[in-house]
Amino acid sequence: MKVRSETLAALEWPSLVALVADEARTDLGAARISALAPADDSADLAGRRAAYVEALRLGADGPLVPAFGEAFAALLERLESARPPLEGAEILALARMLAAGADAIARVRGAEIPCPELTRRLAGVGDPSPLVARAHRVLDRKGQVRDDASPRLAELRREIQGTRERLYGRLERLRGEHAELFGEETVPLRGGRLLLVLQAGARGRMPGLVHGRSGSGRSFYFEPLEVVEENNQLQTAVDEQEAERRRLLDELLSAFAAELPLVSAVAGAVAELDALEAARRFGEAAGARLAEVAPPGRLRLVGARHPLLDPRLAARRARVLGAAGHTSAAVPLDLELDAARRILVVTGPNAGGKTVAAKTVGLLALAAQAGLPVPCEAGSELPPLSSVVATVGDEQDLLAERSTFSGRLQRLAEAWQEAGPGALALLDELGSGTDPEEGTALAVALLEHLLARGGLAVITTHLAALAAAALERAGAACAAMEFDPDSGRPTYRLRPGAPGGSEALALGRRLGLPAAWLERAEALLGGEHRELRRMLAELEATRAELARAAAEAERSAAESAAAAGRLERERAALEAERRVVGHRLEGELKSFRERVSRALAAQEEKLRREFEAGRRRGVAAAATASLFEGAPRFAAEDEPAGAGPLAPGAKVRHRGLGWTGTLERVEGERAEVAVRGKRLSARLGELVAVAGREAGAARARKPAADEGGVEAAPVELMLLGLTVEDALDAVDEFLDRALPGPRTEVRLVHGHGTGRLREAVRTHLRRHPAVADFRPGAPNEGGNGATVVTLRS
């Protein structure tokens, strides 16, 4: 891209890059920004934009480059020239920069989302970690050579420490033995030697060397003769230590100098990344973004702001440029160039913003071409450019004997020569500075040439003939800076369409020029000019009315679009809610089915276990039948029909256990029966009514009475060999049979074994309603292998 320094200065490019460079964290990044120039071609521009986007993404997780206060550029020059050699603190600063660069490069190469452009730019940078590690082995945090940087240095440090301790001890002893000679209780170090403070009147009373008088003149720095040799040894060791430190520092400096290409490459990477982050921070401060890349021949700015006039940057401008500039809200610029109007001729009042509009277009075009974010709104598009020419302000050069107009003509000649596709011309006050007729002729001729060669241009002028020429030629158009006739002030808004007046007299009134002067000037304008001004005012009023109508139509369209969008969002929300509810119901139904299936399976398994437990109880009863040889057997299939209804007062018999009693009460399916003074609860279906004779027969079927006349009842249950579950079922059945009998104690034999069956039985007995108490068996009752149960009466 071709752009001369005069154009860069006219568009205030140096001021813009200074604002961006101020955001850099290192002098390397600031220098990279200060030297920034627009991209040479489309490929270069695409690379810059890609690098900015990748750095923007990486910067979201924290800065890539930390802030440094050192002047690394100067340190690198001294590292290369060795004039003067770097000191330890300066080498350490370079090591820290290398470490920060290595970390940043690692973040780029290891990013979760690949960064191909930054990776390509950093591809040739090696790893400085060994060099950094060597620097930290030699230097401490202050840049001084570490005491353990080498074995010899550590040995010298120990030697110096030991010599000093011995010297301190001897000098303290001498001072104590000759207290009358020495006034101060200190052992000063002077010229690298440990001394005593000798009173002036004691000079010559002890052999030794005087090393000078104190500041007060009343004492001397004195070295007793007996410590001279040790002080010599101390000074020699200190000199050797300093020489060793210098040797280590020189070796480290030589290592850095030998790796100068690596150091420079890492420094270049730091500069690159820091410059990109500076651009990102500038963009955040200015509300800037990367404008879209427009096709050639198209330029569109939406809500564009000149960065040197943006009030958000006022503090930075004051710090960097020495002038805060505007602090009030700037009026954004909307401007569009395309095939139908590649050249825009802007007219309007003096001090109405024409020059600012042209400079804004030029400066933002340069920024976009350099890959920088642009202060504009979404929808802005800027094309790749091959050249930019700007003529703004006074081109006078007294040393070159060039007048204002001749200087301007030379710049216009540059615009003539560079005209063509990909060129952008920004020509301020075209045709001014000379005779209006000749100036108009030159301006129209240049306008025609620019149209013929292609490219884009923004031209500001006060020449009505030039504006008329633009209206008559295809590819050119007019625009005017808006002027408020009611207030007599410009609004700084660019309005495409008809040209506007210069409003010089209105500006004079606003500036407070003498009224007589302005009235005479208006009288000299003549009727034609006044008629032209009237027509322009009517045109401006019509344009304002159309603008208001367009704004109202746009507002209505926006409201309609908003309503349509709202309806669409509501429809989408309802559809999303329908899907969510459907998924939830499907999930709940599936969960319900699974729960029911699990419950049915559990119930089925429970019934199966109960069925198997019933079968095992039958087996257990058969196995223990020998314990109750006198007990009757009752079988369900042999059960006779009941002798009457089951009503309170009837005689009943338990179908399974065989006991008889009187039915006391019936509640639903449960019944209470009085059996020999005890109340028993049973299911109604387990009872059968019996007649008097059958009750007697039932009593006859009971076990016979023992010799003492007491009715026999089960007194012992063998649980050996049963599982815990089967044993507990057998205990329940046994206690049900034993409870109606006359005995108050029965015995459960479970054996010793592992104790698991014993503990399960006793735990069960604690909760059993028929058990009043229980105890381990006595030695003649089976000991702890049996449990004696006391039944409730």
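Residues numbered from 1 in each chain as written. Predicted model: local features only at pLDDT ≥ 70, side-chain atom pairs only at ≥ 80, totals over all residues. Heavy atoms only, no water.

Participant: Got a sec to walk through unusual backbone geometry? Specific residues and values, please.
Facilitator: Among all residues except glycine, the phi angle is most often negative; among peptide bonds, the trans geometry is most common. With an omega of -15°, the peptide bond between R83 and P84 qualifies as cis. Relative to the helices and strands, P84 resides in the loop between helix 5 (72-81) and helix 6 (88-109). The backbone of E429 shows a phi angle near 55°, a positive value even though the residue is not glycine. As for its position among the elements, E429 is in the loop between strand 12 (423-427) and helix 15 (436-453). (Helix = DSSP H or I, 4+ residues; strand = E, 2+ residues; numbered from the N terminus.)

Participant: Describe the sheet that holds strand 4 (residues 208-213), naming the residues involved and giving the relevant values.
Facilitator: Sheet architecture is open: three strands sit in the order 3-5-4, paired in antiparallel fashion. If you trace the sheet from one side to the other, it starts and ends with strand 3 (196-199) and strand 4, each paired once. In this sheet, adjacent strand axes meet at a mean angle of 40° when their direction is disregarded. Where strand 3 and strand 5 (residues 219-224) come together, four bridges link them in antiparallel fashion. Within the sheet, the bridge partner assigned to L196 lies in strand 5 and is F222. (Pairing = 2+ DSSP bridges. Axes fitted to C-alpha atoms, helices over the stretch in contact; angles between N-to-C directions.)

Participant: Just give me the short version of the packing of helix 6 against helix 11 (residues 260-286), but keep the residues and values in it.
Facilitator: Helix-helix packing: each pair is described by the crossing angle between the helix axes and the interaxial distance. Orientation of helix 6 relative to helix 11, taken along the N-to-C sense of each, is 65°, at an axis distance of 9 Å. Helix 6 and helix 11 meet at a crossing whose hand is left-handed. Of helix 11, the residues touching helix 6 (which contributes M97, L98, G101, A104, I105 and V108) are V263, V266, A267, A269, V270 and L273. Looking at side-chain class alone, the contact of helix 6 with helix 11 contains 11 nonpolar, one polar and no charged residues. (Left-handed = near helix turned anticlockwise from the far one by under 90°. Contact = heavy atoms within 4.5 Å. Nonpolar A, V, L, I, M, F, W, Y, C, P; charged D, E, K, R; others polar.)

Participant: An account of the environment of R120 is requested, with residue identities and associated values reported.
Facilitator: Note that R120 resides in helix 7 (residues 116-121). With 69 residues separating them in the primary sequence, R120 and A51 have C-alpha atoms 9.8 Å apart.

Participant: Quick one: what's the story with the pattern of salt bridges, residue by residue and with numbers?
Facilitator: On inspection of all chains with the given rule, the structure shows 52 salt bridges. The salt bridge partner of R166 is E230, with a shortest N-O separation of 3.3 Å. In this pair, R166 is assigned in helix 9 (residues 151-177) and E230 in helix 10 (residues 228-258), connecting sequence segments 64 residues apart. The class of R166 is partly exposed, set by a relative accessible area of 44%. Judged by its relative accessible area of 11%, E230 is buried. R170 serves as the salt-bridge partner of E226, at 3.0 Å between the closest nitrogen and oxygen. One end of the pair, E226, is in the loop between strand 5 and helix 10; the other, R170, is in helix 9, and 56 residues separate them in sequence. The exposure class assigned to E226 is partly exposed, which follows from its relative accessible area of 36%. (Salt bridge = Lys/Arg side-chain N within 4 Å of Asp/Glu carboxyl O. Buried < 20%, exposed > 50% of the residue type's maximum accessible area, 1.4 Å probe, protein only.)

Participant: Explain the packing of helix 4 (residues 42-59) against helix 11 residue by residue, including any values.
Facilitator: At a minimum axis separation of 9 Å, helix 4 and helix 11 run at an interaxial angle of 75°. Between helix 4 and helix 11, the angle falls in the class roughly perpendicular. In contact with A51, Y52, A55, L56 and G59 of helix 4, helix 11 contributes L276, E277, A279 and R280. Along the lines of polarity and charge, the residues of the contact of helix 4 with helix 11 split into six nonpolar, one polar and two charged. (Parallel < 35°, antiparallel > 145°, perpendicular 65-115°, else oblique.)

Participant: Which residues make up the packing of aromatic side chains, and what values go with them?
Facilitator: Taken as a whole and assessed by the stated rule, the structure comprises two aromatic pairs. Relative to F72, the ring of F68 lies with its centre 5.2 Å away and its plane at 75°, an arrangement referred to as edge-to-face. On the accessibility criterion, F72 (0% relative accessible area) is buried. Of note, R203 hangs over the ring of F220, and the distance from its end group to the ring centre comes to 5.0 Å. (Phe/Tyr/Trp six-rings, centres within 6.5 Å; stacked < 30°, edge-to-face > 60°. Lys NZ or Arg CZ within 6 Å of the ring centre and 35° of its normal.)

Participant: Now, about the nonpolar core: what can you tell me, with residues and values included?
Facilitator: W13, L94, L118 and F256 are the most contacted members of the largest nonpolar core, which totals 110 residues. In terms of residues, this core owes the most to one element, helix 11, which gives 16 residues. Apart from residues no more than four positions distant in its own chain, L118 is found in contact with A51, E54, A55, L58, V108, L273 and L276. With 31 residues, the next largest nonpolar core counts L717, L739, L765 and A770 among its residues. (Core = buried A, V, L, I, M, F, W, Y, C linked by side-chain atoms within 4.5 Å.)

Participant: Lay out empty space enclosed by the protein with the relevant residues and their values.
Facilitator: For the structure shown, the criterion picks out two cavities of 30 Å³ or more. As a volume, the largest cavity reaches approximately 90 Å³. Forming the boundary of the largest cavity are 14 residues, of which A419, A423, A425, L450 and L456 lie nearest the centre. Contributing elements (two or more residues each) for the lining of the largest cavity: strand 11 (387-391), helix 14 (404-418) and strand 12. With three residues, the top contributor of residues to the lining of the largest cavity is strand 12. Partitioning the lining of the largest cavity into residue classes produces nine nonpolar, four polar and one charged. L45, R49, A291, E292, V293, A368, Q369, L382, P383 and P384 are the residues that line the second largest cavity. In the lining of the second largest cavity, the residues fall into seven nonpolar, one polar and two charged. (1 Å grid on protein atoms, 1.4 Å probe; cavity = no way out; pocket = protein on both sides within 12 Å on 5 of 7 lines; lining within 4 Å. Points joined across faces, edges and corners; volume = space filled by probe spheres on them.)

Participant: Quick rundown of the environment of A330? Include the residues and the values.
Facilitator: Structurally, A330 can be placed in the loop between helix 12 (314-320) and strand 8 (333-337). Sequence separation between A330 and Y492 is 162 residues; the distance between their C-alpha atoms is 8.9 Å. When sequence neighbours within four positions are dropped, the list of residues in contact with A330 reads L309 and P311.

Participant: Could you give an account of the confidence of the model for the chain, with specific residues and numbers?
Facilitator: Counting all residues, the mean pLDDT for the chain is 83, and 83% of those residues have values of 70 or more. Contacts from residues 693-711, a stretch scored under 50 in pLDDT, to residues over four places away or in other chains number 28 contacts. (pLDDT = per-residue confidence, 0-100.)

Participant: Before we move on, can you summarise the pairing of strand 12 with the specific residues and values?
Facilitator: For strand 12, a buried count of five out of five residues is recorded, marking the element as mostly surrounded by other parts of the structure. Across the two faces of strand 12 the burial is the same, with A423, A425 and L427 and L424 and L426 all buried. Here five bridges tie strand 11 to strand 12, and the two strands are oriented parallel to one another. Of the residues in strand 12, the one forming a bridge with A390 is L426. In this sheet, strand 13 (residues 456-460) lies alongside strand 12 in parallel orientation, the contact comprising four bridges. Bridging across to strand 13, A425 finds its partner in A457. Read from strand 12 through helix 15 to strand 13, the crossover connection turns out right-handed. (Right-handed = clockwise from strand over helix to strand, strands pointing away.)

Participant: Describe in detail the sheet that holds strand 24 (residues 786-791), supporting the description with residues and values.
Facilitator: Overall, mixed pairing links the four strands, which are arranged 21-22-24-23 in an open sheet. Every interior strand has two partners, whereas the edge strands, strand 21 (716-718) and strand 23 (771-776), have only one. Adjacent strand axes in the sheet meet at a mean angle of 20° when their direction is disregarded. As paired strands, strand 22 (residues 745-749) and strand 24 are joined by five bridges and run antiparallel to one another. The partner of V749 across the bridge, within strand 24, is A786. Across the sheet, helix 21 (residues 724-738) touches strand 21, strand 22, strand 23 and strand 24, and the angle it forms with strand 22 is around 160°.

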